[in-house]
Amino acid sequence: MKKRTVLIYIILILLLALLVIININAGSVRLSLAEIFKILFLNKGEMVNSTILLNIRIPRIIVAIFLGGGLALSGYLLQAFFSNPIAGPFVLGISSGAKFIVAILMVISCQYAFSLNSFSLIVAAFIGAMIATLFVIVMANKVKNMSILIVCGVMTGYICSAATELIVSFADDSNIVNLHNWSMGTFSSVSWKEVYVIIPVIIFGLIVSIFLSKNIEAYAYGEDYASSVGINVKNFRLLLILVSSLLSATVTAFAGPISFVGIAVPHVIRNLFKTSKPFIIITGSFLGGAVFCLFCDLLARNLFAPVELSISTITAIFGAPVVISMLLSRKRG
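Quick look at the structure, then. Each chain has its residues counted from 1, following the order in which its sequence is written. Per-residue local features are limited, in this predicted model, to residues with pLDDT of at least 70; the limit for side-chain atom pairs, both in listing and counting, is 80 or more; totals at the level of whole chains, interfaces and linings are taken over all residues. Side-chain figures throughout are based on the complete set of non-hydrogen atoms in the structure, without hydrogens or water.

This paragraph deals with the overall build of the chain. Going along the chain from the N terminus, every DSSP run of H or I of four or more residues is numbered as a helix, and every run of E of two or more is numbered as a strand. When you go through the chain residue by residue, the secondary structure sums to 14 helices and 0 strands. Listing the helices and strands of the chain from first to last along the sequence gives α-α-α-α-α-α-α-α-α-α-α-α-α-α. The size measure is the radius of gyration over C-alpha atoms, and the globule rule it meets is 2.2 Å times the number of residues to the 0.38 power. Taking 333 residues into account, the globule formula puts the C-alpha radius of gyration at 20 Å, and the chain, at 20 Å, falls close to it. Along the first, second and third principal axes, the C-alpha set of the chain runs to 65 × 55 × 35 Å.

If you want it as structure tokens, here you go:
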């Protein structure tokens, strides 16, 4: 492995560790290192501080790491599927499709007073993501120009978002305020119960993606080449889109739609590592997505405290310029 690759991995891991430490102590209640140590390792400390640290901050940090990594990885898999670095779950409207179905399920649960579990949220988001994905695939077969495909995806996203806002506006239950916050993108409404579901699903997606890395590399040379080396292209493409949809659906189910992470992070990782090797981009994107979302969540919580911004607001500020630069560079090319 090249020295540059190892160095960037080390930098990403150190950045992740640094952001974890900062996020643990960031907030309206400041905790000293001694207090944090007592709570984490000695099971001592004030009850209020212990609750804030163990039940609010640490679950939120874990969720930001895994959902951020999963979203970046989902974006990379979509880019491999469409053979285009501008594809991503938010831009193509896939996250919005997942949001729409989850919003319907949440409103129904409020209307008929039944509780939702994590599995039902993931299934609903997955169904919405797959519907949006199938629409994008159909459009991709009819429209060869990627720019027009992106416009179609953005329009799909706007339609789903408008429909979701309509549902929120006419909902009766007061709990729908939480749905509005979720629909804007947030890591705030998570608990350990959600963490125990999110981690296995995202790790499963990461492991499957790593196993697919050699096939992704062969597929990058074209379907004919992939077939010639023994890859069942139809099954491979199906698995690729299923894993990508599962990852983006999990993110949307628990944190709402988060913008631009799926496009910007893989692009930055490619430029940092100076390679297109799928294994490196997969692992690098996961780490990069975790770092990026943890950093954006830190800003969202503290930039205008006590008012908390939506996570998508911050990711858009940093991610949109990256996407614009990609479009401009492709235009020049």
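Below, the discussion takes up the pattern of salt bridges. Pairs can form between side chains of opposite charge whenever their charged atoms are close. Throughout this description, the term salt bridge denotes a Lys or Arg side-chain nitrogen within 4 Å of a carboxyl oxygen of Asp or Glu. Counting across every chain of the model gives 5 salt bridges. One salt bridge connects arginine 237 with glutamate 223, and the closest N-O pair in it is separated by 3.8 Å. Note that arginine 237 is positioned in helix α11 (residues 233-255) and glutamate 223 in helix α10 (residues 223-228), a separation of 14 residues in sequence. What makes glutamate 223 partly exposed here is its relative accessible area of 42%. The salt bridge partner of aspartate 297 is arginine 301, with a shortest N-O separation of 3.8 Å. Placement of both aspartate 297 and arginine 301 in helix α13 (residues 278-302) is noted, with a separation of 4 residues, approximately one turn of the helix. Just as aspartate 297 is buried, arginine 301 falls in that class too. Several salt bridges share partner residues, and in doing so they unite Arg60, Asp297, Arg301 and Glu308 into one network. Burial here depends on accessible area, computed with a 1.4 Å probe over protein chains only, as a share of the maximum for the residue type. Under 20% is buried, over 50% is exposed, and the range in between is partly exposed.

Right, let's talk about α11 for a bit. The span expected for a helix works out to 1.5 Å for each residue beyond the first. The end-to-end C-alpha distance of α11, which contains 23 residues, comes to 33 Å, matching closely the 33 Å that a straight helix rising 1.5 Å per residue would cover. Counting buried residues in α11 gives 17 out of 23 residues, a clear majority hidden from the surface. Glycine 256 occupies a position one or two residues after α11 and carries a positive phi of about 80 degrees.

Bringing helix α8 (residues 192-211) into the picture now. Quick reminder: α-helices carry 3.6 residues per turn. Residues three or four places apart thus point the same way. With 20 residues, α8 should reach 28 Å at 1.5 Å per residue; the first-to-last C-alpha distance of 29 Å fits that figure. Glu194, Val195, Ile198, Val201, Ile202, Gly205, Leu206, Val208 and Ser209 are the residues of α8 that are buried. In this structure, the buried residues of α8 make contact with α3 (47-82), α5 (118-142), α9 (213-219), α11 and α13. Should any heavy atoms of two residues lie within 4.5 Å, those residues are counted as being in contact.

On to unusual backbone geometry, then. A positive phi angle is found at phenylalanine 260, which is not glycine, with a value near 70 degrees. With respect to the element layout, phenylalanine 260 can be found in the loop between α11 and α12 (261-273).

So, about the packing of aromatic side chains. By convention, a stacked pair of Phe, Tyr or Trp rings (six-membered ring in the case of Trp) has centres within 6.5 Å and planes under 30 degrees apart, an edge-to-face pair has planes over 60 apart, and any other such pair is tilted. Scanning the entire structure with this criterion turns up 7 aromatic pairs. For the ring pair phenylalanine 66 and phenylalanine 286, a centre distance of 6.3 Å and an interplane angle of 75 degrees mean the geometry is edge-to-face. Of this pair, phenylalanine 66 sits in helix α3 while phenylalanine 286 is found in helix α13, placing the two residues 220 residues apart along the sequence. Comparing phenylalanine 66 with phenylalanine 286, the two get one shared label, buried. Grouping aromatic residues by their ring pairs yields a cluster made of Phe292, Phe295 and Phe318.

In this section: the nonpolar core. Remark: nonpolar core denotes a set of buried residues (Ala, Val, Leu, Ile, Met, Phe, Trp, Tyr, Cys) joined through side-chain atoms within 4.5 Å. Residues Leu67, Phe82, Phe187 and Ile216 are the most contacted members of the largest nonpolar core, which totals 94 residues. Take this core: its biggest share by element is 17 residues, from α3. Excluding residues within four positions of it along the chain, leucine 67 makes contact with Phe187, Ile198, Ile202, Thr250, Val251, Phe254 and Ala255. One finds Ala264, Ala320, Val322 and Met326 within the second-largest nonpolar core, a separate group that totals 10 residues.

Glancing now at the environment of phenylalanine 236. Within the secondary structure, phenylalanine 236 sits in helix α11. Placed 20 residues apart in sequence, phenylalanine 236 and isoleucine 216 show a C-alpha to C-alpha distance of 8.7 Å. For phenylalanine 236, the residues in contact, after removing those within four places along its chain, are Leu212, Asn215, Ile216, Tyr219 and Ile231.

On to the packing of α3 against α11. Two packed helices can be described by the angle between their axes and the distance between those axes. At a minimum axis distance of 9 Å, the contact between α3 and α11 shows a crossing angle of 150 degrees. Overall, the two elements α3 and α11 adopt an arrangement that is roughly antiparallel. For the element pair α3 and α11, the recorded crossing hand is left-handed. Note on element contacts: α11 touches α3 through Arg237, Leu240, Ile241, Val243, Ser244, Leu247, Ser248, Thr250, Val251, Phe254 and Ala255, opposite Leu67, Gly70, Leu71, Leu73, Ser74, Leu77, Leu78, Ala80 and Phe81. Residues were grouped as follows: Ala, Val, Leu, Ile, Met, Phe, Trp, Tyr, Cys and Pro as nonpolar; Asp, Glu, Lys and Arg as charged; and all remaining residues, including Gly, as polar. A breakdown of the residues in the contact of α3 with α11 according to their chemical character gives 14 nonpolar, 5 polar and 1 charged. Here, axes are lines fitted to C-alpha atoms. For helices the fit covers the stretch in contact, and angles between N-to-C directions go from 0 to 180 degrees. Note on terminology: angles under 35 degrees are roughly parallel, angles over 145 are roughly antiparallel, angles of 65 to 115 are roughly perpendicular, and the others are oblique. Two helices cross in a left-handed way if the nearer one is turned anticlockwise from the farther one by less than a right angle. They cross in a right-handed way if the turn is clockwise.

In short, geometric facts, not functional conclusions.
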